[in-house]
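# Structural characterization, general
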Amino acid sequence: MPDEATISHEDNGSHGAYRMDVKGSERQAELTWRRSLGCEGDVRIADHTFTPPQARGKGVAGKLVEALITDAQENGFTIVPACPYVAVQFDRHPEWADLRAQ
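Residues numbered from 1 in each chain as written. Predicted model: local features only at pLDDT ≥ 70, side-chain atom pairs only at ≥ 80, totals over all residues. Heavy atoms only, no water.

### Concerning the overall build of the chain
Here is the rule: The helix count covers DSSP runs of H or I at least four residues long, the strand count covers runs of E at least two residues long, and both are numbered beginning at the N terminus. When we talk radius of gyration, it's over C-alpha atoms, and the globule rule is simply 2.2 Å times the number of residues to the 0.38. Only protein chains enter the accessibility calculation, which uses a 1.4 Å probe. A residue is then buried if its area is under 20% of the maximum for its type, exposed if over 50%, and partly exposed in between. For this analysis, residues touch if any pair of their heavy atoms sits within 4.5 Å.
Looking only at helices and strands, the chain features 2 helices and 5 strands. In sequence order, the chain lays out its α and β elements as β-β-β-β-α-β-α. Here the chain has a C-alpha radius of gyration of 13 Å; the compact-globule value for 102 residues is 13 Å, and the two agree. Overall, the C-alpha framework of the chain stretches about 40 × 30 × 20 Å when taken along its three principal axes. For the chain, buried positions account for 40% of its 102 residues. Long-range contacts, defined as pairs at least 24 residues apart, comprise 40% of the intrachain contacts of the chain with a sequence gap of at least 6.

### Topic: the nonpolar core
The condition that has to hold: Among the buried residues, those of types Ala, Val, Leu, Ile, Met, Phe, Trp, Tyr and Cys that are joined through side-chain atoms within 4.5 Å form a nonpolar core.
In terms of nonpolar packing, the biggest core is built from 22 residues, with Y18, L31, L68, I69, I79, V86 and F90 touching the most fellow members. Counting residues per element, this core draws most heavily on helix α1 (residues 60-75), which supplies 7 residues. Discounting residues that sit within four places of it in the chain, V86 has contacts with L31, A46, T49, V65 and P81.

Right under this line is the structure:
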């Protein structure tokens, strides 16, 4: 996977997604989130990741998680890693602990 891959971010207020084109696939890789209602502060629930089969194991989903993390750091929101892949990434990166919603 090229380092210059472009990740787009869609924010519809209550939900959104990070997406990236994958060479050889009509479907984009994506990480979706929804805004948590009833939580204090800006909390986003990372609820799903998808990577087309031909791009799995190449760091695509990791790049999407990194984009989410960068946005959280820059925009002051926290994350509930409801998606198992995102939860594993949080476990692998203890430096992100302050971005995990309580």
